Amino acid sequence: MKRIPHRYPFLLIDRGENWIKNKSMVGIKNVTFNEPFFNGHFPENPVMPGVLIIEALGQTGAVLMSKSLDVSVEGKTIFFMGVDGVKFRSPVRPGDQLRMHVEVTRHRGDVFKFRGEAFVNKKIVCECEFAAMVVETPQ
């Protein structure tokens, strides 16, 4: 929580593992039935929205960036620049543990490009490429 500004209900990673500077990290999200989005997506067939899986991958990438750059996060925010090649393979449901493998594919200054894959029980549920950059927070 020191590395990204997201908070409930939009903090979508519970912890990070296997961090390798400028290279990779695994984000963990324990998907519970009381997630606020399940009330409407879908009440009779709860499925985690795909855009939130992408956001969770992005948050994992943001923590990886923040730790790799090792600079003060005060007054700065990491923003998505783009998302490409998104594929959803299987739904994510309450009770699942989402494991997000994020790897740096390119890094120049405050801009990173990533490849992300999300898994449930070692089965891929989503994959994409995305880019993010550090932006000064307006005063």
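Our subject is the structure that appears above.
Residues numbered from 1 in each chain as written. Predicted model: local features only at pLDDT ≥ 70, side-chain atom pairs only at ≥ 80, totals over all residues. Heavy atoms only, no water.

Participant: Can you help me understand the sheet that holds strand E6 (residues 123-136) in this one?
Facilitator: Strand pairing in a sheet relies on backbone hydrogen bonds. The paired strands run either parallel or antiparallel. The six strands lie next to each other as E1-E2-E4-E5-E6-E3, forming an open sheet whose pairing is antiparallel. Bordering the open sheet on either side are strand E1 (15-20) and strand E3 (76-88), each of which pairs with just one other strand. Averaged over all adjacent pairs, the angle separating strand axes in this sheet is 25°, with direction ignored. Taken together, the ten bridges between E3 and E6 define a ladder with antiparallel strand orientation. Bridge pairing in E6 links Gly82 to Ala131. (Pairing = 2+ DSSP bridges. Helix = DSSP H or I, 4+ residues; strand = E, 2+ residues; numbered from the N terminus. Axes fitted to C-alpha atoms, helices over the stretch in contact; angles between N-to-C directions.)

Participant: Got a minute to help me understand the pattern of salt bridges in this structure?
Facilitator: Two side chains bearing opposite charge may form a pair once their charged atoms approach each other closely. Summed over all chains, the structure comprises six salt bridges. For Glu127, the salt bridge goes to Arg89, with nearest N and O atoms at 2.7 Å. Remark: Arg89 occurs in the loop between E3 and strand E4 (97-108) and Glu127 occurs in strand E6; sequence separation between them is 38 residues. Glu127 is paired through a salt bridge with Arg115; the nearest N and O atoms lie 2.6 Å apart. Residue Glu127 is located in strand E6, and its partner Arg115 is located in strand E5 (residues 111-120); the two are separated by twelve residues in the primary sequence. The class for Glu127 is buried, based on a relative accessible area of 12%. (Salt bridge = Lys/Arg side-chain N within 4 Å of Asp/Glu carboxyl O. Buried < 20%, exposed > 50% of the residue type's maximum accessible area, 1.4 Å probe, protein only.)

Participant: Sorry, what's going on with the pairing of E5 here?
Facilitator: Along any regular strand the residues' side chains alternate between the sheet's two faces. In this sheet, E5 lies alongside E4 in antiparallel orientation, the contact comprising nine bridges. Residue pairing across strands places Arg108 opposite Val111, the latter belonging to E5. As consecutive antiparallel partners, E4 and E5 are separated by two residues, and within that stretch Gly109 has a phi angle of approximately 60°, a positive value. Two strands pair when backbone bridges link them, and E5 and E6 are joined in this way by ten bridges, in the antiparallel orientation. Directly across from Arg115, in E6, lies its bridge partner Glu129.

Geometry only, nothing functional implied.
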